[in-house]
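The primary structure of each chain is shown beneath.
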Amino acid sequence: MSNVSKKKLSLPTVQQPAARWAFVLAVCASLGVVVSYYWRVFYGLDARGVSAAGVTGLCVGLAVLAGAAALALRRVRDFAKKGAACILLCGVLFAFANPPMQTPDETDHYLRTYAISMGRFDFDAQRGYPEDVDELVAAFPGAWVNAHTSAGLGTDPDTHAEQPFNSAGYALKQYGKDGRVESIRDSFEQYLTWLYRDSVPQRVTEPVSFLILPFLPGALGMALARLFGLGALGCLYGGRLVNLLAYTALCYAALRSAHKCRPAFLCIMLMPMSLYMGASLSYDATLLGCYYVMLALLTRDEWNDKTALFYALACVFANGTKPYINLLWVVLPLILRKSEWKVRFSRAVYAVLTAAGALALTLGVEQYGTLLRHNYGAIARQGGTTVNGGAQLLFVLKNPLRYIAVLLGTLYENDVFLGQLGLFGWKDMPIAFISITAPPVLLAAAMLCTAQTDTLGRRRMGWLGVFGLVYAVGAMTAMYITYTPVGMVRIVGLQTRYFLPVWLLLVLAAAAVLRRVLAPRLTAAKGEALAATLCGWYAFAGAVLLFQHYFVASVTSFLSLNHFLLY
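We now turn to the structure provided with this report. Here the structure is a predicted model, which is why all the values come from computation and not from measurement.

About the criteria used
- Residues numbered from 1 in each chain as written.
- Predicted model: local features only at pLDDT ≥ 70, side-chain atom pairs only at ≥ 80, totals over all residues.
- Heavy atoms only, no water.
- Helix = DSSP H or I, 4+ residues; strand = E, 2+ residues; numbered from the N terminus.
- Buried < 20%, exposed > 50% of the residue type's maximum accessible area, 1.4 Å probe, protein only.
- Contact = heavy atoms within 4.5 Å.
- Areas by Shrake-Rupley, 256 points an atom, 1.4 Å probe, with all protein chains shown as cover.
- 1 Å grid on protein atoms, 1.4 Å probe; cavity = no way out; pocket = protein on both sides within 12 Å on 5 of 7 lines; lining within 4 Å.
- Points joined across faces, edges and corners; volume = space filled by probe spheres on them.
- Nonpolar A, V, L, I, M, F, W, Y, C, P; charged D, E, K, R; others polar.
- Phe/Tyr/Trp six-rings, centres within 6.5 Å; stacked < 30°, edge-to-face > 60°.
- Salt bridge = Lys/Arg side-chain N within 4 Å of Asp/Glu carboxyl O.

1. What about the overall build of the protein chain?
Within the protein chain, the regular secondary structure consists of 22 helices and 8 strands. Within the protein chain, the proportion of its 567 residues that are buried is 50%. Contacts in the protein chain between residues far apart in sequence, at least 24 positions, make up 78% of those at least 6 positions apart. Accessible surface, the protein chain as shown: approximately 25,800 Å² in total, 65% of it carbon and sulfur.

2. Thoughts on the layout of surface pockets
Here the second largest pocket is characterised by a volume of approximately 930 Å³. Residues of the lining of the second largest pocket, tallied by class, amount to 23 nonpolar, 3 polar and 6 charged.

3. Some thoughts on the packing of aromatic side chains
Across all of its chains, the model carries 26 aromatic pairs by this definition. Between the aromatic rings of W329 and F467, the centroid separation amounts to 4.8 Å while the plane-to-plane angle is 65°, which identifies the pairing as edge-to-face. In this pair, W329 sits in the loop between α14 (305-321) and α15 (347-371) while F467 sits in helix α19 (residues 458-483), placing the two residues 138 residues apart along the sequence. You'll find W329 and F467 in the same group, each marked buried. Look at Y403 and Y480: their rings are 5.1 Å apart centre to centre, the planes differ by 40°, and that puts the pair in the tilted class. In this pair, Y403 is assigned in helix α17 (residues 400-413) and Y480 in helix α19, connecting sequence segments 77 residues apart. We note that Y403, like Y480, is buried. Here the aromatic residues W39, F140, F188, F547 and F551 are joined through ring pairs into a cluster of three or more.

4. Looking at the environment of A84
In this structure, A84 sits in helix α4 (residues 79-97). Separated by 171 residues in sequence, A84 and L255 place their C-alpha atoms 8.3 Å apart. Sequence-distant contacts of A84, that is, excluding residues within four places in its chain, are made with T248, Y252 and L255.

5. Here we look at the pattern of salt bridges
All told, the structure shown has 13 salt bridges when counted by the stated rule. One salt bridge connects R112 with E206, and the closest N-O pair in it is separated by 3.1 Å. With R112 in helix α5 (residues 106-117) and E206 in the loop between α8 (184-192) and α9 (216-227), the pair connects residues that are 94 residues apart, well separated along the chain. Both residues of the pair, R112 and E206, count as buried. Here the salt bridges share partners, and the residues they tie into one network are R112, R120, D122, R127 and E206.

What follows is the structure, encoded as structure tokens:
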């Protein structure tokens, strides 16, 4: 044996992993330094008196932790466990990168969840909350960015010329040409100093929200937070984190249940928009998880009693959370062939039983909300008196061609909603990088599902495509009938989060096409490994960008405000 061979055999086995860890962590630390320098220069942090060491330490520490997590997850061989870990870790970042009450309707969701956490399982419009809850709601109004967007003239610090600026897309508001700049930081200071002020906030009472079941995970988190002595803000984050756990558990179940195209499922679960909702107090956290579970079960070659039971439970829960439109999910198992159906009931009987369970829960929830409702009086219709469901439905039936134009126009105005995957907040916090890159990332996920073992078959894929189209049109029509003034030429209230299951089906359809066109040699295992890396880092970048737009800009002075907002 040569001397070289002897030396190789005598090397410790830990040398290569240790070198990998050292290299990756060093690269991550360097990237952290680069990002901190970019923040300090572009957002004028040094001029604001923000500690350079503090900013650099935050960025380097977060980057090193991300690198360490990525290296640790390399050891996890189970795809579902690795995916769930990525969802949980990135979701935690989203829970804290998103300021309080900035998820759509989160104020109402927070108040209802807080009430449940106090043991209130009825609904009373005259019942209030502890004073710190009033202060939190007053400090963080919904649609914060919309309420704090300003435009005006400012002096460019480089050219000293007077130019217009606009703070849209950043949590900043300029009061007058030489006035102070208000940011999300001021809202935190307003809440954290409420004990030292003499002013009393407006009293908050229970919202017009009569759901219990989907808010139970968040309520548990709030109850635990209060057990540790935390106040209203701590309860909000506690509720978000337990809601995230529920979302992660459902995503893990979906990844375990999916037998094909698992990169597509992980990609949609780790989309910044999915994590943004999953790490909030919205009931969309569990609702999206149920959607993913149902679609994952439909990738199986055969269904048994256990498969059918899980699908029925997810379908019934989805209908109890968001009724009627989700009845469409009842018919999906009918796309399975008779030879693939190994359930004791026939497909038709199963569909009827599932529909009966969904309707029973829906009606039960409605009756519960009606019978246990106190002091609400007549509840005004959202959208005002110009909204009339019956009249709108009649208008659609009488003018089908006009309604098709309304659908197409709404899709065009909203970038088919696929181009709004980076639109956060109450549709008031656009992050252009995510909106631009999300569709290519979805396409990349489709390419990672092109292994021959991932094929779903023409029949099943065709029916899933039909379902996706019907579901998308149904969701838009439901919003047109229930929220839009009669005869309006566009649909009010639509958001891209409503279409996340549709985008998943679109990825599956794209994978089927690419599989035939490209004839790739990619294996399913290799596709899954690449998907975890790609989607995990993309989700991490999304959380950092959300934090940047909400918090980093919040320490900007008027001078640097002009510097980076001038156009």
